[in-house]
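# A look at the structure
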Number of protein chains: 2
Amino acid sequence: MTKVSKEKIVLEARELFREKGYVGASMQDLADKVGLRKASLYMRFPNKEALVPEVLSLTLDETFSQPDIEASDWYTAYEAVVRAIADSLMDRKRCVGFHLAYGVGDDTPIAKEAVRDFFQSHRDRMTAILEKAMPRDIASITATDALVRLEGATLLLAVFDDPEAMERAVDAVLAAVRQ
Amino acid sequence: MTKVSKEKIVLEARELFREKGYVGASMQDLADKVGLRKASLYMRFPNKEALVPEVLSLTLDETFSQPDIEASDWYTAYEAVVRAIADSLMDRKRCVGFHLAYGVGDDTPIAKEAVRDFFQSHRDRMTAILEKAMPRDIASITATDALVRLEGATLLLAVFDDPEAMERAVDAVLAAVRQ
DNA sequence: CCTACCGATCGGTAGG
DNA sequence: CCTACCGATCGGTAGG
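Cut-offs applied
- Residues numbered from 1 in each chain as written.
- Chains lettered and ligands numbered in written order.
- Predicted model: local features only at pLDDT ≥ 70, side-chain atom pairs only at ≥ 80, totals over all residues.
- Heavy atoms only, no water.
- Salt bridge = Lys/Arg side-chain N within 4 Å of Asp/Glu carboxyl O.
- Helix = DSSP H or I, 4+ residues; strand = E, 2+ residues; numbered from the N terminus.
- Buried < 20%, exposed > 50% of the residue type's maximum accessible area, 1.4 Å probe, protein only.
- Near = heavy atom within 4 Å.
- Polar contact = N/O pair within 3.5 Å; in protein donor to acceptor, adjacent residues only side chain to side chain.
- Nonpolar A, V, L, I, M, F, W, Y, C, P; charged D, E, K, R; others polar.
- Contact = heavy atoms within 4.5 Å.
- Buried area = accessible area lost by both parts, 1.4 Å probe.

Oppositely charged side chains are able to pair whenever their charged atoms sit close together. Summed over the entire model, instances satisfying the criterion amount to 24 salt bridges over all chains. Salt-bridge contacts for B:Lys93 lead to B:Asp161; the nearest nitrogen and oxygen are separated by 2.8 Å. Placement of the pair is B:Lys93 in the loop between helix 5 (74–92) and helix 6 (96–103) and B:Asp161 in the loop between helix 9 (154–160) and helix 10 (164–178), with a sequence separation of 68 residues. With its nearest N and O atoms 3.2 Å apart, the salt bridge here joins B:Arg136 to B:Glu131. The exposure class assigned to B:Glu131 is partly exposed, which follows from its relative accessible area of 32%. Here the salt bridges do not stand alone but share partners, grouping A:Lys8, A:Glu12, A:Glu15 and A:Lys33 into one network.

If you check the shell around DNA strand D, you find 17 residues, and the closest are A:Ser40, A:Met43, A:Arg44, B:Lys38 and B:Lys48. Within 4 Å of the protein, atoms of DNA strand D come from sugar and phosphate in 53% of cases. Separating a phosphate oxygen of DNA strand D from a backbone N or O atom of B:Ala25 is a distance of 3.2 Å. When residues of the surface near DNA strand D are traced back to their parent elements, those giving at least two are helix 3 (38–44) of chain A together with helix 2 (27–34) and helix 3 (38–44) of chain B. The element best represented in the surface near DNA strand D is helix 3 of chain A, accounting for four residues. The class makeup of the residues in the surface near DNA strand D is eight nonpolar, four polar and five charged.

Below, the discussion takes up the interface of chain B and chain A. Taken together, the contact between chain B and chain A spans 34 residues of the former and 34 residues of the latter. Carbon and sulfur atoms make up 66% of the area that chain B and chain A hide from each other, which totals about 3000 Å². On the chain B side of the interface with chain A, the three residues burying the most area are B:Tyr102, B:Leu155 and B:Phe160, jointly 25% of the side's total. Summed over the shared surface of chain B and chain A, the number is two salt bridges. Of the charged contacts, one joins B:Asp145 and A:Arg168 as a salt bridge, the two residues approaching to 2.8 Å between their closest N and O atoms. Connecting chain B to chain A are twelve residue pairs in polar contact (both at pLDDT 80 or more). Mapped by element, the contributors of at least two residues to the side of chain B that touches chain A are helix 1 (6–24), helix 6, helix 7 (109–130), helix 8 (136–152), helix 9 and helix 10 of chain B. Considering each element in turn, the side of chain B that touches chain A owes the most residues, seven residues, to helix 8 of chain B.

In structure tokens:
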């Protein structure tokens, strides 16, 4: 009976938030998943809301720890990010960030701010890569629209289990920066 | 004290589902909104799940009752649909269908099927318009990708209250069928 | 269309 | 890290 790590809890919390959203995910479900009693979760996290920043910063780190992102060639780096995002979305059929974006309200300001940070970080880091090849304002718009298409394609994954829209989104987003 | 119409209840239920999702919206909130006791809602609807098909079919009807959709010119009709969808999303910052797509699970099969119908109807009706100008398979893909972009842009509306991504999505989606 | 209620579950805490 | 509990709220029903 080895101690349950904080990371394990965050990973399972992410699965719950992704699948059921913020309100639909319960601390009892999470406790069952990690094999603890519910009360014991409160030793590591002050409350449910505090799980949200942890879940999102873990996810951000995963996405941007792709090896090719350090490539000197901007296109190689950009393609790596886009494919990392798309692969993770296709794997899980939903975006935990998007589910939380729709699901957290003004009653959970810390969670709300974490969601903003999550997507703003995506935009900033993608913009930084594209800035090597185009002016800052164009890079920023291009990054934002890429995110919009990738996230939008999760609708088809969630509703119809159809990955084709995501594949087309990846192709279109990459083609947009190649011309 | 005139009777509360079924439509009024459905309209308020839509607002709740859009804002809080399926699990986050409570029958008590809905009762308060329409000025009834909670038990009285069950005279018109057998349960909470039954509200979902009503909410979505009302929304579908609103979108496709735009006058210009009957235009003989396919482009005029398509533009009317795209703008009707975008205007409604920009107005409310979220898509009730998307929130329900992420939020309903296998425990609510009727709601889940209603969500599928909702988006499949969008695809079918947009495809029907585009078929006047291109082969069926291209029309279907074009319609799906248009939906993906418009729905994806709700992320920026929900998180940053930024309408610019939606405006660019509308322009891009219309430009895609003009060339 | 109401009052009054049901069992189940929610997030969170006391106390060890 | 646990047992045991808190008040609040959930969807839904009985009975009038």
